[in-house]
Amino acid sequence: MRHTGYLRHLLVRKGAKTGEILVDLVTTTQIDGEAEEQLLAGFRDALLGLKLDGKIVGILNTHNDSLADAVMDQGTRILYGQDYFYEELLGLRFQISPFSFFQTNSLGAEVLYSAAREYIADAGDGKVVYDLYSGTGTIAQILAPVAKKVIGVEIVEEAVEAARKNAKLNRLENCEFIAGDVLKALDQIEDKPDFIVLDPPREGIHPRALQRIIRYGVKKMIYISCKPTSLARDLEALWEGGYQAERICCVDMFPFTANIETVCILSSRKWKPDSGAELRNNR
């Protein structure tokens, strides 16, 4: 309440497949100089002395003096090792930094993304796919083997840079990533989409961006949502724009919480529905 003190958050990220652990000590700047160096060295040594199920590959310190409860990166430095870890999904390898968006439930993400990949494959080869709100490019790279080209758009530049590195790491040459707000970035893309994947943040899609997406008139879309109320609101606009929900299923990405990840397949009412295409009801 007084906005005083040093320790704020302990951020821990771990690869379920690799066992690699990245730890970030989020602090204020209310201790500095030699006193801070000694304190952080003590934390670092204590962490490295723990017996863990996995291996610490990096320990970081992030300064955050903002009044918000969210972890804001106002400067990050390495106390030990590196500032990233690796995780594997569906045979692909991803380098993940502390603030890059990447599903925290890797095994659940495999269920979620394999469903999306199977549906894209059912829609036919040779498709240009837009992955909007692409984060570190996870979905784009998982879809790349069954698409002609995948174009990811993400506003966080750090995430876009990570996506490009990961595509190179996975030797995927048909992925392109653009940094920018979806509404503005769409003007930069010459390739028109045959299929669109939407995976927006919790608050959903800005109404103007949604109208722009609808105007592409693609036959099929997939909307992945982590907040059902935002999805419900956007589905109303999509219905008014000529799209109907063909199938909706839930994947429990957040066990023992009230939250759920929702996958929704949308088809244009201007097209005859493809009765053979089906998304498995994975849980």
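Going by the structure above, here's the rest.
What you see is a predicted model, and the numbers here were worked out from it, not measured in a lab.

Here we look at the pairing of strand β5 (residues 85-89)
Along any regular strand the residues' side chains alternate between the sheet's two faces.
Then step 1. When you tally the buried positions in β5, you get four out of five residues, the bulk of the element.
Then step 2. In terms of strand pairing, β5 meets strand β6 (residues 92-96) through five bridges, oriented antiparallel. In the sheet register, Glu88 faces β6, and the bridge partner there is Arg93.
Then step 3. Between β5 and β6, which pair antiparallel one after the other, the connecting turn spans two residues, and Leu90 there sits at a positive phi close to 50°.

Topic: the pattern of salt bridges
Then step 1. Applying the stated criterion across every chain yields a total of 12 salt bridges.
Then step 2. Here Lys149 makes a salt bridge to Glu176, at a shortest N to O gap of 3.1 Å. Highlighted residues: Lys149 in strand β8 (residues 149-154) and Glu176 in strand β9 (residues 175-179), separated in sequence by 27 residues.
Then step 3. Among the residues examined, Lys149 registers a relative accessible area of 23% and is labelled partly exposed.
Then step 4. Each of Glu36, Glu37 and Arg77 takes part in a single network of salt bridges with overlapping partners.

Re the side chain of Asn166
Then step 1. Within the secondary structure, Asn166 sits in helix α4 (residues 157-169).
Then step 2. Taking the relative accessible area as the measure of exposure, Asn166 reaches 1% and is therefore buried.
Then step 3. The contact partners of Asn166, leaving out residues within four places of it in the chain, are Arg93, Phe94, Gln95, Thr136 and Gln141.

What about helix α7 (residues 228-240)?
Then step 1. Across its 13 residues, α7 extends 19 Å between first and last C-alpha, which sits within 8% of the 18 Å expected from 1.5 Å per residue.
Then step 2. For α7, the full list of buried residues reads Ser230, Leu231, Asp234, Leu235, Ala237 and Leu238. The arc enclosing the buried residues of α7, seen along the axis, measures out at 165°, which places them on a common side. In α7, the exposed positions angled more than 90 degrees off the buried face are occupied by Thr229, Glu236 and Glu240.
Then step 3. Among the structural elements, α6 (207-215), β11 (220-225), β12 (243-251) and β13 (261-268) are those in contact with the buried residues of α7.
Then step 4. With its phi angle positive at about 105°, Gly242 sits one or two positions after the end of α7.

With respect to unusual backbone geometry
Then step 1. Backbone geometry places Leu90, a non-glycine residue, at a positive phi of 50°.
Then step 2. Relative to the helices and strands, Leu90 resides in the loop between β5 and β6.
Then step 3. The exposure class assigned to Leu90 is partly exposed, which follows from its relative accessible area of 24%.
Then step 4. In this structure, Arg171 takes a positive phi of about 55° despite not being glycine.

Overview of the sheet that holds β8
Strand pairing in a sheet relies on backbone hydrogen bonds, with the paired strands running either antiparallel or parallel.
Then step 1. Ordered by their spatial adjacency, seven strands build an open sheet running β9-β8-β7-β10-β11-β13-β12, and the pairing between neighbours is mixed. Sheet topology places β9 and β12 at the edges, where each strand pairs with a single neighbour. Neighbour to neighbour, the strand axes of the sheet diverge by 15° on average, direction disregarded.
Then step 2. Alignment of strand β7 (residues 128-132) against strand β10 (residues 195-198), held across four bridges, turns out to be parallel. Each residue of the ladder has a partner; that of Leu132, found in β10, is Leu198.

Basis of the calculations
- All chains use their own residue numbering, which begins from 1 and follows the written sequence.
- Only residues with pLDDT of at least 70 are given local features in this predicted model, and only at 80 or more are side-chain atom pairs given and counted; all residues enter the totals for whole chains, interfaces and linings.
- Side-chain measures here rest on the full set of heavy atoms in the structure, leaving out hydrogens and waters.
- Relative accessibility thresholds used throughout: buried, under 20% of the residue-type maximum; exposed, over 50%; partly exposed, between the two (1.4 Å probe, protein chains only).
- Secondary structure elements follow DSSP: runs of H or I of four or more residues count as helices, runs of E of two or more count as strands, with numbering from the N terminus.
- At least two bridges found by DSSP between two strands is the condition for calling them paired.
- We define a salt bridge as a side-chain nitrogen of Lys or Arg found within 4 Å of a carboxyl oxygen belonging to Asp or Glu.
- Contacts are assigned to residue pairs with any non-hydrogen atoms lying within 4.5 Å of each other.
- Here, expected helix span is obtained from the residue count minus one, scaled by 1.5 Å.
- This arc describes the spread of directions from the helix axis toward the C-beta atoms.
- Axes here refer to lines fitted to C-alpha atoms; in helices the fit is confined to the stretch in contact. Angles between the N-to-C directions go from 0 to 180 degrees.

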